[in-house]
Amino acid sequence: MWFKTILRRRGAPASAAPRRGGPFRANEAMLRRLERLTVDASRSLQGNPNSGEHPSRHQLPMAIFSEHRPYSPGDDYRTVDWNAYARHEQVVVKLGEAEQDVDVHVLVDCSRSMDYGAPSKLVAAQQFAAAVGYIALAHSDRVRVTPFSAARLAGFGPAQGKGRAPELLRFIERLAPASATSLADVLRGYARQHERGGLLVICSDLLAAPADTLSEGLRSLTPPRWQVLVAHTLEAGELSPALGGLVDLEDAETGERIAVQLDEAALQQYRQNVERWQREIAEACGRYGASYVQVLADWPFERAVLPYLRLRRMVR
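All figures in this text were calculated on a predicted structure; none of them were measured in a lab.

Participant: Whenever I open this one, the side chain of Lys 121 confuses me. Can you help?
Facilitator: Considering the arrangement of structural elements, one finds Lys 121 in helix H3 (residues 121-138). A polar contact is formed between the side chain of Lys 121 and the side chain of Glu 238, at a distance of 2.7 Å. Those residues within four positions of Lys 121 in sequence are excluded, and the remaining contacts are Ser 113, Met 114, Tyr 116, Asp 205, Leu 207, Thr 233, Leu 234, Glu 235, Glu 238 and Ala 297.

Written out as structure tokens, the structure reads:
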């Protein structure tokens with residue numbers, strides 16, 4: 001697919017192509033603000049009741065209740081509804097919705113195409129993964145972060161509790177571009193290894209995953225066991241390249257090059273292809289119950305990415 005390529009003006013030195021910016025570094029002030037947020041996890045996810053802060057489908061005897069059930073030996077007398085007993089002469093306990101923790105999984109695309117832009121898409125994905133992981137740790141969820149390229153690489157976690165945050169951030173800072181991606185295989189393998197499911201965040205440019213390939217992977221990650229967020233990380237120049245004339249197109253994954261004459265008609269066709277590609281990916285996500293967001297690498301995280309996620313009720 002020709003729009004997978006990195007664009008470079010023919011004859012220009014390699015340094016003329018956009019390069020990634022500085023390495024990812026966690027910002028302490030931003031982390032303090034992230035602690036006030038929580039991921040918006042579905043109540044259908046399997047978690048541990050009486051731990052964590054997410055609503056669940058578990059109901060336990062408790063003082064703040066939503067319905068009754070008959071008393072059973074062993075129930076705490078403090079949960080008996082004595083007013084109901086006085087009116088109906090039946091001993092019932094008050095059932096309330098139990099809160100739970102959830103498993104939060106973050107997959108970070110480390111293929112070569114992510115090493116593009118200033119800041120690079122990989123830096124944006126690292127920032128996104130660090131934010132999600134830190135928010136989850138700060139609210140007692142269990143966190144796994146797994147980089148992947150052609151196959152899944154050594155990952156972080158499971159970890160629980162804010163005390164593991166420095167370890168998480170050091171792990172994410174060390175992520176580096178590797179080989180090409182096989183996203184469908186990675187997603188299928190991940191689903192087999194984590195049958196319990198959970199909240200899964202995929203940070204990728206999806207350049208090696210056309211919509212039908214992404215669909216194959218998402219088919220294994222459907223609700224109610226999984227809640228999936230696809231964070232489609234792109235660089236602004238990939239959406240609308242400011243180039244013209246004779247250029248070399250270099251495939252970011254394989255390094256293969258072709259020479260192309262770019263005129264306005266070709267650029268217009270490129271933009272239409274990109275729009276169709278994004279639309280097909282969003283539709284594939286929708287078919288399997290996954291949420292889709294597009295994140296540009298140069299968006300300021302706190303002033304653009306977080307408000308964007310709040311608006312779509314992915315964090316609150």
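Structure shown, so let's carry the discussion forward.
Participant: Help me understand unusual backbone geometry, please; the structure alone is not making it clear to me.
Facilitator: Keep in mind that most residues, glycine aside, have a negative phi and that most peptide bonds are trans. Here the amide bond leading from Ala 118 into Pro 119 is cis, since omega sits at 5°, within 30 degrees of zero. Relative to the helices and strands, Pro 119 is located in the loop between strand E5 (103-109) and H3. For the bond from Pro 223 to Pro 224, the omega torsion is 5°, close enough to zero to count as cis. Structurally, Pro 224 can be placed in the loop between helix H6 (211-218) and strand E9 (226-234).

Participant: Please clarify how the environment of Glu 253 should be interpreted in this entry.
Facilitator: Along the chain, Glu 253 turns up in the loop between strand E10 (245-251) and strand E11 (257-262). Sequence separation between Glu 253 and Leu 207 is 46 residues, and the spatial gap between their C-alpha atoms is 8.8 Å. Glu 253 has contacts with Ser 111, Arg 112, Ser 113, Ser 179, Ala 180 and Thr 181, leaving out every residue within four places of it along the chain.

Participant: Mind showing me how you'd approach helix H9 (residues 301-311) here?
Facilitator: Among the residues of H9, Phe 301, Val 305, Leu 306, Tyr 308 and Leu 309 are the ones counted as buried. Seen end-on, H9 carries its buried residues on one side only, within an arc spanning 155°. Counted as exposed and oriented over 90 degrees from the buried face of H9: Arg 303 and Leu 311. After H9 finishes, the residue Arg 313 shows a positive phi value of roughly 55°.

Conventions we followed
- Residues numbered from 1 in each chain as written.
- Predicted model: local features only at pLDDT ≥ 70, side-chain atom pairs only at ≥ 80, totals over all residues.
- Heavy atoms only, no water.
- Helix = DSSP H or I, 4+ residues; strand = E, 2+ residues; numbered from the N terminus.
- Polar contact = N/O pair within 3.5 Å; in protein donor to acceptor, adjacent residues only side chain to side chain.
- Contact = heavy atoms within 4.5 Å.
- Buried < 20%, exposed > 50% of the residue type's maximum accessible area, 1.4 Å probe, protein only.
- Arc of directions from axis to C-beta.

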